[in-house]
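What follows is each chain in one-letter form.
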Amino acid sequence: MEAKSFEISKRAVWEAYKKIKANRGAAGVDQESIGGFEEKLEDNLYKIWNRLASGSYFPPAVRGVEIPKKDGKKRLLGIPTVADRVAQMVVKMSLEPKVEFHFHPDSYGYRPKKSAVEAVRVARQRCWQYDWVIDVDIKGFFDNLDHELLMKAVEKHTDSKWERLYIQRWLKAPMEMENDIQEERKKGTPQGGVISPLLSNLFLHYAFDQWMSRNHPANPFERYADDIVVHCQTEERARELRAQIGERMAECKLELHPEKTRIVYCKDDNRRGSYPEQQFDFPGYGFRPRTSKNYLGQYFVSFSPAVSRESVKKMRATIRSWRIHLRSGMEIREIAQQINPVVRGWILYYGQFRRSALYVTLRQLDCSLVKWARRKYKNLRTHWKGTWYWLGEMAKHEPELFVHWQMGYRGTTGR
């Protein structure tokens, strides 16, 4: 049997494939789906292993896809082929255990046993303790990562030649746009790549987390990938630290977004005065002053999170895209089976803090069901209130049918 340059097991490739299959994902430049890849699964996995182990694996171009951002601009995603995602997963599974235990406890994004909900919970607690927040936005972070600095960080944690080799090749893999033109990449790691979140965390571990711990231990922070909030006791300190973070990012060949990096006042009943900026978003949640009620039934203003306006906008757009009102050929249980997994995900994540903020979105979902019922059943077509009553009775007798009917939501009453 021919000796291989690198010790990479076939079992590692198989385990990587299983993870990629579970994550699903779109096709890359070769237009091959997971299903197509599985038609010759054994041969495809053998080719990946053989090339990785022999040092002859060269990643194909990643498919560039532009998606809209909330500011009207476009975010560029780089989608690798299925085979390349498997290869990236092999390297990620090998490298991640070597770096994970070094990462900062307040780094929450794309890490085992860490979550965005945990990041939001800690941020909420610290907003009650500290009056000011620096809402940090790194301009084009994934597109501008310096390859040389990133490879220094990689080499600090692994002496594996094959891990270093393939990471370097992935960093240089070209981007193929919709016009079939391939663009050379000299910096950045494409959003959409399997190994990109790990590499970005490793970069920011040294560029930000370690630097903050060493130089500014009195200012706690939460970081979810490149989404960062830093807490300060005074406005003066926040302005001073914002400038120093900007200098640090410049040292690491990055730049703070001048408009999106903001100093926010965590206004509540105990904090006097005012300030133009009194809200910020942190993964999918909007933090701002909100009316709350204590255990005595007394109302007060608390600086706290709830589902952000941008997240609500995205959920409502998803509901519209389902076009439920046009599915009159389907039974209501079929509709429930199709949409419940998505709605359950929304409730599990956005329902962690101030769940009632979801009600306006769930009301839209019930409106779609009412429109569906009026098209499907002739006797309901001219009775808007009667259709709401019909849906409310169904929710009362079969609350398990739709997941949002099980959370104490009362939108189906039509009131």
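Shown above is the structure to which this text applies.
Attention here is on the structure that accompanies the text.

Rules used in this analysis
Residues numbered from 1 in each chain as written. Predicted model: local features only at pLDDT ≥ 70, side-chain atom pairs only at ≥ 80, totals over all residues. Heavy atoms only, no water. Axes fitted to C-alpha atoms, helices over the stretch in contact; angles between N-to-C directions. Helix = DSSP H or I, 4+ residues; strand = E, 2+ residues; numbered from the N terminus. Parallel < 35°, antiparallel > 145°, perpendicular 65-115°, else oblique. Left-handed = near helix turned anticlockwise from the far one by under 90°. Contact = heavy atoms within 4.5 Å. Nonpolar A, V, L, I, M, F, W, Y, C, P; charged D, E, K, R; others polar. Pairing = 2+ DSSP bridges. Salt bridge = Lys/Arg side-chain N within 4 Å of Asp/Glu carboxyl O. Buried < 20%, exposed > 50% of the residue type's maximum accessible area, 1.4 Å probe, protein only.

1. What about the packing of helix H3 (residues 41–54) against helix H4 (residues 82–99)?
For the pair H3 and H4, the least separation of the axes is 10 Å and the interaxial angle reads 50°. Taken as axis vectors, H3 and H4 run oblique relative to one another. You can see that H3 and H4 cross each other, and the crossing is right-handed. Where H3 abuts H4, its residues Leu45, Ile48 and Leu52 lie against Ala83, Val86, Ala87 and Val90. Partitioned by chemical class, the residues of the contact of H3 with H4 number seven nonpolar, no polar and no charged.

2. A few points about the sheet that holds strand E2 (residues 74–79)
Read across the open sheet, the four strands follow the order E2-E1-E4-E5; overall the sheet is mixed. Taken across any chain shown, the strands that pair with only one partner, and hence form the sheet edges, are E2 and strand E5 (182–183). Pairing geometry for strand E1 (residues 62–68) and strand E4 (residues 175–176), over two bridges, is parallel. Residue pairing in the sheet places Arg63 in a bridge with Glu176 of E4.

3. Regarding the pattern of salt bridges
The full count for this structure, using the stated rule, is 21 salt bridges. The salt bridge involving Arg11 is made with Glu15; its shortest N-O contact spans 3.2 Å. Of this pair, Arg11 and Glu15 are both found in helix H1 (residues 10–23), four residues apart, which corresponds to roughly one turn of the helix. With relative accessibility at 52%, the residue Arg11 sits in the exposed group. With a shortest N-O distance of 2.7 Å, Arg126 and Glu222 are connected by a salt bridge. Of this pair, Arg126 sits in helix H5 (residues 116–129) while Glu222 sits in strand E6 (residues 221–224), and the two are 96 residues apart along the sequence. Arg126 gets classed as buried once you look at its relative accessible area, which sits at 18%. The exposure class of Glu222 is buried, given its relative accessible area of 0%. Overlapping salt bridges, with partners in common, bring together Arg11, Glu15 and Lys18 in one network.

4. A few points about the environment of Val99
With respect to the helices and strands, the residue Val99 is situated in helix H4. On the accessibility criterion, Val99 (1% relative accessible area) is buried. The sequence separation of Val99 and Asp143 amounts to 44 residues, and the corresponding C-alpha distance is 22 Å.

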